[in-house]
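Overview (structure and organization)
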Amino acid sequence: MNISDYRGVMVFAEQRRGSVQKIAYELLGVGRRIADTLQEPLVALLIGSKLPDSAAKELIAQGADKVIVVDDPALDVYMTEPYAKAMTKAIDTYKPGIVFTGATTIGRDLAPRVSARVKTGLTADCTGLEIEDGTRNLLMTRPAFGGNIMATIVCPEHRPQMSTVRAGVMRKLERDETRKGTVERLDVKIEAKDKNVEILEVVVEKATKKNIEDANVLISGGRGMGNLDNYNRLQGIADELGGLVSASRAVVDAGWVGQDKQVGQTGKTVRPDVYFACGISGMIQHIAGMEDSEFIVAINKNASAPIFEYADIGIVADINKVVPALVEELKAAKAAS
Ligand SMILES: Cc1cc2nc3c(=O)[nH]c(=O)nc-3n(C[C@H](O)[C@H](O)[C@H](O)COP(=O)(O)OP(=O)(O)OC[C@H]3O[C@@H](n4cnc5c(N)ncnc54)[C@H](O)[C@@H]3O)c2cc1C
């Protein structure tokens, strides 16, 4: 393989039922930065059936220089084999130096299959991506061993350098409709034998719960809440502010809530407008998941708790006195308005 034949960053633009997923825009955000560092192009790969023109236009507005569209009835619903064939052909045709796929269920299924076909390296679930000065190799960082170490992995001798990227970590760009880009169609012949799986039914589960990553206001409780009853009182603040309750790992480990509510290095990365840290000490593994919040309110009885270093407002008090008082104040403010 001649490494210098491979140029540019390719992003897999995951779509479901014709609608491009948020992760695709996050990948364009990090892809744009990497492509600009390398001074190479950023392309989005859109695979599906009867894809609306608006999807490609949106990918350009969100940062792509070029959109490669593979549109075929056989690519209607995600299936490993046809999608792997389409992506492998796109890589063979366009020879990107880097390929990013979201670490979603689809991305985690697709990327290893493709990397084996094109005989290159793949790093899963990356949370940090940088270009190394001098070598221009991609440094792919991911938590390993349950988050106990951060491993930085390079793929110096094979191309493309592939990684799946964790959702919610990378920022998408401001959309800009004046951005210019090209759209190219790529034909991939999907034969009957490529469809070795028959999809009988796609069941779309109704989302009954909102994800903490999507909340504008998060009320996060830690060990300092003391017990489950106290922790549950945080819901009162969430109800008044239209937010959701989340947690530190100590609370998840105590069994007060499920892991889907955990903020931090081994939990979710969140970026709400307001983040309340209630009885949370502010250990680095927690901070890693919430430090980009727009506004942070910390309530802790220990004035030297590290969380105060990150807070926009800090209240040194017993959280169990603050919560009822805050709920009353919020109710009164609502009644008065
Ligand atoms: C590999 C690894 C990965 C990890 N991943 C994560 C992760 O994803 N997310 C995460 O959160 N943690 C994670 N941790 C754990 C992390 O290191 C901390 O142990 C954890 O964040 C502590 O949670 P806490 O702040 O709720 O509890 P503590 O550290 O015990 O803090 C409790 C705080 O509450 C205060 N307090 C006590 N009583 C009151 C009261 N009545 N009123 C007001 N304040 C009070 C105390 O002063 C203290 O500051 C990880 C650790 C490791 C080793």
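We now turn to the structure provided with this report. Note that this is a predicted model, so its numbers are computed, not measured.

Thresholds, definitions, all that
Residues numbered from 1 in each chain as written. Predicted model: local features only at pLDDT ≥ 70, side-chain atom pairs only at ≥ 80, totals over all residues. Heavy atoms only, no water. Helix = DSSP H or I, 4+ residues; strand = E, 2+ residues; numbered from the N terminus. Buried < 20%, exposed > 50% of the residue type's maximum accessible area, 1.4 Å probe, protein only. Contact = heavy atoms within 4.5 Å. Areas by Shrake-Rupley, 256 points an atom, 1.4 Å probe, with all protein chains shown as cover. Lys, Arg positive; Asp, Glu negative; His and termini not counted. Charge placed at Lys NZ, Arg CZ, Asp CG, Glu CD. Near = heavy atom within 4 Å. Polar contact = N/O pair within 3.5 Å; in protein donor to acceptor, adjacent residues only side chain to side chain. Nonpolar A, V, L, I, M, F, W, Y, C, P; charged D, E, K, R; others polar. Salt bridge = Lys/Arg side-chain N within 4 Å of Asp/Glu carboxyl O. Pairing = 2+ DSSP bridges. Axes fitted to C-alpha atoms, helices over the stretch in contact; angles between N-to-C directions. Patch = residues over 30% accessible without salt bridge, like charges linked within 9 Å, V, L, I, M, F, W, Y side chains within 5 Å. Core = buried A, V, L, I, M, F, W, Y, C linked by side-chain atoms within 4.5 Å. Parallel < 35°, antiparallel > 145°, perpendicular 65-115°, else oblique. Left-handed = near helix turned anticlockwise from the far one by under 90°.

Describing the overall build of the protein chain
Counting secondary structure elements, the protein chain contains nine helices and 17 strands. Across its three principal directions, the C-alpha atoms of the protein chain cover 65 × 45 × 40 Å. When each of the 337 residues of the protein chain is scored for burial, the buried share is 49%. For the protein chain, restricting intrachain contacts to residue pairs at least 6 apart in sequence, the fraction spanning at least 24 positions comes to 65%. Carbon and sulfur atoms make up 50% of the accessible area of the protein chain, which amounts to about 17,000 Å² in all. Charged side chains in the protein chain number 42 positive and 45 negative. The centres of these two groups are separated by 3 Å.

Describing the site of the ligand
Arg 223, Ser 248, Gln 262, Thr 266 and Ser 281 are the nearest of the 27 residues found near the ligand. Between the ligand and Gln 262 there is a distance of 2.7 Å, counted from an oxygen atom to a side-chain nitrogen or oxygen. For the ligand, a nitrogen atom lies 3.0 Å from a polar atom in the side chain of Asp 318. Contributions of two or more residues to the shell around the ligand are made by α7 (249-253) and α8 (284-287). By residue class, the composition of the shell around the ligand is six nonpolar, 17 polar and four charged.

What about the pattern of salt bridges?
It is possible for side chains of opposite charge to pair when their charged atoms get near one another. Under the defined criterion, the tally for this structure stands at 21 salt bridges. The salt bridge partner of Arg 32 is Asp 65, with a shortest N-O separation of 2.9 Å. Placement of the pair is Arg 32 in helix α1 (residues 22-38) and Asp 65 in the loop between α2 (53-61) and β5 (66-71), with a sequence separation of 33 residues. On the basis of relative accessible area, Arg 32 is assigned to the buried category, the value being 11%. Across the salt bridge formed by Lys 334 and Glu 240, the nearest N and O atoms sit 3.3 Å from each other. Separated by 94 residues along the polypeptide, Lys 334 in helix α9 (residues 319-336) and Glu 240 in helix α6 (residues 234-241) bring together distant segments of the chain. Take Glu 240: its relative accessible area is 18%, and that puts it in the buried class.

Focus on α2
Among the residues of α2, Ala 55, Ala 56, Glu 58, Leu 59, Ile 60 and Ala 61 are the ones counted as buried. Tucked into the core, α2 has its buried residues touching β3 (19-20), α1, β4 (42-48), β5 and β12 (182-185).

Focus on the environment of Asn 302
Along the polypeptide, Asn 302 turns up in the loop between β16 (295-300) and β17 (313-316). For the pair Asn 302 and Met 1, spaced 301 residues apart in sequence, the C-alpha to C-alpha distance is 59 Å. Only 2.9 Å separates the side chain of Asn 302 from the side chain of Ser 304, close enough to count as a polar contact.

Some thoughts on the sheet that holds β16
An order of β14-β13-β15-β16-β17 is seen for the five strands of this open sheet, with the pairing classed as parallel. Bordering the open sheet on either side are β14 (244-247) and β17, each of which pairs with just one other strand. The mean angle between the axes of side-by-side strands here comes to 20 degrees, regardless of whether they run parallel or antiparallel. As paired strands, strand β13 (residues 217-221) and β14 are joined by four bridges and run parallel to one another. Bridge pairing in β14 places Ser 220 opposite Ser 246.

What to know about a nonpolar patch on the surface
Taken together, the side chains of Val 77, Val 197, Ile 199, Val 202 and Val 204 define a hydrophobic patch exposed on the protein surface, amounting to about 380 Å² of accessible area. Among the structural elements, Val 204 can be located in the loop between β12 and β13. By relative accessible area, which is 55% here, Val 204 ends up exposed.

Here we look at the nonpolar core
Counting 35 residues, the largest nonpolar core has Ile 34, Leu 46, Leu 59, Val 67, Phe 100 and Leu 129 as its most contacted members. Elements supplying a minimum of two residues to this core: β1 (9-12), α1, β4, α2, β5, β6 (98-102), β8 (128-131) and β9 (138-144). The element best represented in this core is α1, accounting for nine residues. Residue contacts for Val 67: discarding those within four places in its chain leaves Ala 44, Leu 46, Ala 56, Leu 59, Ile 60, Thr 182, Val 183 and Glu 184.

Focus on the packing of α6 against α9
At their nearest, the axes of α6 and α9 sit 9 Å apart, and the two run at 20 degrees to each other. As the angle between them shows, α6 and α9 are arranged roughly parallel. Where α6 crosses over α9, the two elements pack in a sense that is left-handed. When α6 is examined against α9, the residues Leu 234, Gly 236, Ile 237, Asp 239, Glu 240 and Leu 241 are found in contact with a partner set consisting of Val 323, Leu 326, Val 327, Leu 330, Lys 331 and Lys 334. Its residues placed into classes, the contact of α6 with α9 shows seven nonpolar, one polar and four charged.

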